[in-house]
Amino acid sequence: MRSLCSLLSYMLFFIVLSSCQEKQQKEVTPWGTEIGGDSVSSNEVYDLSDIVNNGEIITLTLSGPETYYDYRGRGMGLQYLICEKFAQSLGVSLRVEVCKDTAEMVSRLKKGDADIIAFQLPTSTKGVAFAGVNDKSKKTSWAVQQKNSELAEALNKWFKPTIIAEVRELEDFYLSTRSIKRHVYSPMLNRSGGVISRYDKYFQQYAPLARWDWRLMAAQCYQESTFDPQARSWVGASGLMQIMPSTAQHLGLPQSQIFDPENNIAAAAKYIKELDGHFRDIPASERVYFVLASYNGGHFHVRDAMALAKKHGRNANRWSEVQEFVLKLSNPAYYNDPVVRYGYMRGNETVDYVSRINARWGQYCGVARGGFIGSPVGPERSRRGNRWQI
């Protein structure tokens, strides 16, 4: 009898427990909407206080010179830089997500995937609220979620038209040589003695790691820092070979040693070898140019240019043909092409970088002591005076 009572008690307990769980899972709001006990309504707005508490604001934009692009590991573009300034005013970090078109941006904003569209949308666009940076003459503006009045109000209160001119001036500074703190040394320490720089022994020691002629590495170093071991750019690129902090960390170079000439050159050689590995499909006689371009503009952008070259029936393994498409990656018709994965780049800077190093390398080969190490020079080269022509 006692066991039967116990069994009935247990059954009654489980029935009550199940009923409570079901009630919790199907709680009905005053508006008749069933929600789970721990669920959040999909219509809930992630407002300004949530952004500040979370410490991050997410922005959607498109790739382009006026919107967003990667520049030596750093985000650039007018709209992005203005948004970054707004994020700093809130004391939060900024995360940017690049979309393929305006339809994707609007759709993702409505879903709550991001907080701001940092792009000049037509103000006729439905389903969003317009706030912040705007161009009244063109009837365009940034946008936030329709119900996010708190964020919209903060943007409108913060934004002043003068900010646009301030950020443009700042961007021009960033992209100029004025943003690099360095002492300009002579490109040849002792021409008659065949000495390029006081760091020649390090170039000779570490260039074999990259299978490069040491004089090529010296030519690259002069382009990067003019042989100033204390050179530093606004993005944090440091030392003789202008190594970025993130790259230094990746290579195992402590920040305390980043300005040390030998450690900086050794790390650069290691990085060049790594970049070389990204282009093993390129003949050795051509690969050096692809590696140089990658050191300056990123190997992912170089791969985009190669994809464009192939699409247009050109030889994607020859720099003389690929560089044309590196230049075209600053043109919307090309950086928006479906085969391009990483968008806009300042291709003219990268092509000029490779050309200048190539010319100086030829000059150094005519006067500097020592033979080729690793021999990246192929049969396609011809010597004209002191210059090697591609």
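All values reported here derive from a predicted model rather than from experimental measurement.

Some details on the layout of surface pockets
- The volume enclosed by the largest pocket comes to roughly 620 Å³.
- As for the largest pocket, its lining consists of 27 residues, and the residues nearest its centre are Thr177, Ile180, Arg182, Gln223 and Glu349.
- At the level of elements, helix H8 (214–225) and helix H15 (347–367) are the ones that each hand at least two residues to the lining of the largest pocket.
- For the lining of the largest pocket, the leading source of residues is H15, giving eight residues.
- For the lining of the largest pocket, the residue count by class is 10 nonpolar, 10 polar and seven charged.
- Taken as a whole, the second largest pocket spans an internal volume of roughly 460 Å³.
- Every element with two or more residues in the lining of the second largest pocket is listed here: strand E4 (69–71) and helix H12 (299–311).
- Classifying every residue of the lining of the second largest pocket by side-chain character gives 13 nonpolar, six polar and five charged.

Quick look at helix H6 (residues 162–174)
- Taking 1.5 Å of rise per residue, 13 residues should cover 18 Å, and H6 covers 19 Å from first to last C-alpha, within 8% of that figure.
- Turning to H6, its buried residues are Ile163, Val167, Glu171 and Tyr174. An end-on view of H6 places all buried positions within 70° of arc, on one side of the element. Pointing more than 90 degrees away from the buried face of H6 are the exposed residues Ala165, Glu169 and Asp172.

Digging into H12
- Between its first and last C-alpha, H12 extends 18 Å over 13 residues, near the 18 Å set by a 1.5 Å rise per residue.
- For H12, the complete set of buried residues consists of His301, Val302, Asp304, Ala305, Met306, Leu308 and Ala309.
- Looking at the buried residues of H12, the elements they touch are E4, helix H11 (284–297), helix H13 (319–328) and helix H14 (332–335).
- Looking one or two places after H12, you find Gly313, whose phi comes out positive at around 75°.

Calculation criteria
Residues numbered from 1 in each chain as written. Predicted model: local features only at pLDDT ≥ 70, side-chain atom pairs only at ≥ 80, totals over all residues. Heavy atoms only, no water. 1 Å grid on protein atoms, 1.4 Å probe; cavity = no way out; pocket = protein on both sides within 12 Å on 5 of 7 lines; lining within 4 Å. Points joined across faces, edges and corners; volume = space filled by probe spheres on them. Helix = DSSP H or I, 4+ residues; strand = E, 2+ residues; numbered from the N terminus. Nonpolar A, V, L, I, M, F, W, Y, C, P; charged D, E, K, R; others polar. Expected span 1.5 Å × (residues − 1). Buried < 20%, exposed > 50% of the residue type's maximum accessible area, 1.4 Å probe, protein only. Arc of directions from axis to C-beta. Contact = heavy atoms within 4.5 Å.

Spatial relationships are all this shows, so hold off on functional conclusions.
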